[in-house]
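Observations on the model geometry
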Amino acid sequence: MTSSEVGGRDLDRLAAVAVDVGGTSLKAGILGPSGLHVLRRVPSRRELGPDAVLDNITAVAAALVDECAGIGLDVVGVGVAVPGIVDDDGIGRLSVTMG
């Protein structure tokens, strides 16, 4: 293993997918070793209810994971930021951005 590898993975190929859920749009991107590779802004679909927003988050994140594979990046994680109230068990209970 070289200094540019961790756990057998090339550091120059590692990336994370990030999704920020806003009231009217999702901002989603691919973050890699050289910075931001891709940034997308898509409507949140909040007017269709929480299930539609969740389906949209899933679809956008999955598309970006696929895009990573297409440009030779290995995804090490997906993060989703949703403002709202979370209970002591870590379960989101209220988010105005989810509808």
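What comes next concerns the included structure. (Residues numbered from 1 in each chain as written. Predicted model: local features only at pLDDT ≥ 70, side-chain atom pairs only at ≥ 80, totals over all residues. Heavy atoms only, no water.)

What about the pattern of salt bridges?
Rule in force here: A side-chain nitrogen of Lys or Arg and a carboxyl oxygen of Asp or Glu constitute a salt bridge if their distance falls within 4 Å. Only runs of H or I of at least four residues qualify as helices and only runs of E of at least two qualify as strands under DSSP, and these elements are numbered from the N terminus. Buried means the residue's accessible area, taken with a 1.4 Å probe over protein chains only, is under 20% of the maximum for its type, while exposed means over 50%, and partly exposed covers the values in between.
All told, the structure shown has three salt bridges when counted by the stated rule. Here Asp74 and Arg13 are joined by a salt bridge, their closest N and O atoms 3.1 Å apart. With Asp74 in strand E6 (residues 74-81) and Arg13 in the loop between strand E2 (9-10) and strand E3 (14-21), this residue pair connects regions lying 61 residues apart in the sequence. The exposure class of Asp74 is partly exposed, given its relative accessible area of 24%. Overall, the relative accessible area of 37% leaves Arg13 in the partly exposed class.

Some points on the side chain of Thr97
Spelled out, the test is: In the analysis that follows, any N or O atom pair within 3.5 Å is treated as a polar contact, provided that within protein one partner can donate a hydrogen and the other can accept it, and provided that, for residues neighboring in sequence, both atoms belong to side chains.
On the secondary structure map, Thr97 appears in the segment after strand E8 (92-94). A polar contact of 2.8 Å, which involves the side chain of Thr97, links it to the side chain of Ser95.

A closer look at the environment of Asp12
As for its position among the elements, Asp12 is in the loop between E2 and E3. Measuring from C-alpha to C-alpha, the distance between Asp12 and Gly72 comes to 9.9 Å, with 60 residues separating the pair along the chain.

A closer look at the nonpolar core
We count it as follows: We call a set of buried Ala, Val, Leu, Ile, Met, Phe, Trp, Tyr and Cys residues a nonpolar core when their side-chain atoms join them within 4.5 Å. Should any heavy atoms of two residues lie within 4.5 Å, those residues are counted as being in contact.
Counting 16 residues, the largest nonpolar core has Val17, Val19, Val21, Ile30, Ile57, Leu64 and Cys68 as its most contacted members. Ranked by residues supplied to this core, first place goes to helix H1 (residues 50-70) with six residues. Beyond its immediate stretch of four places on either side in the chain, Ile57 contacts Val19, Val21, Leu26, Val80 and Met98.

Considerations on the sheet that holds E3
Short version of the rule: For two strands to pair, DSSP has to find at least two bridges joining them. Helix axes use the C-alpha atoms of the stretch in contact, all axes being lines fitted to C-alpha atoms, and the angles between their N-to-C directions lie in the range 0 to 180 degrees.
Read from one edge to the other, the open sheet built from four strands follows the order E5-E4-E3-E6, with strand pairing classed as mixed. Here the strands that pair on one side only, and so sit at the sheet edges, are strand E5 (35-43) and E6. The mean angle between the axes of side-by-side strands here comes to 15 degrees, regardless of whether they run parallel or antiparallel. Where E3 and strand E4 (residues 25-32) come together, six bridges link them in antiparallel fashion. Counterpart to Ala16 in the pairing with E4 is Leu31.

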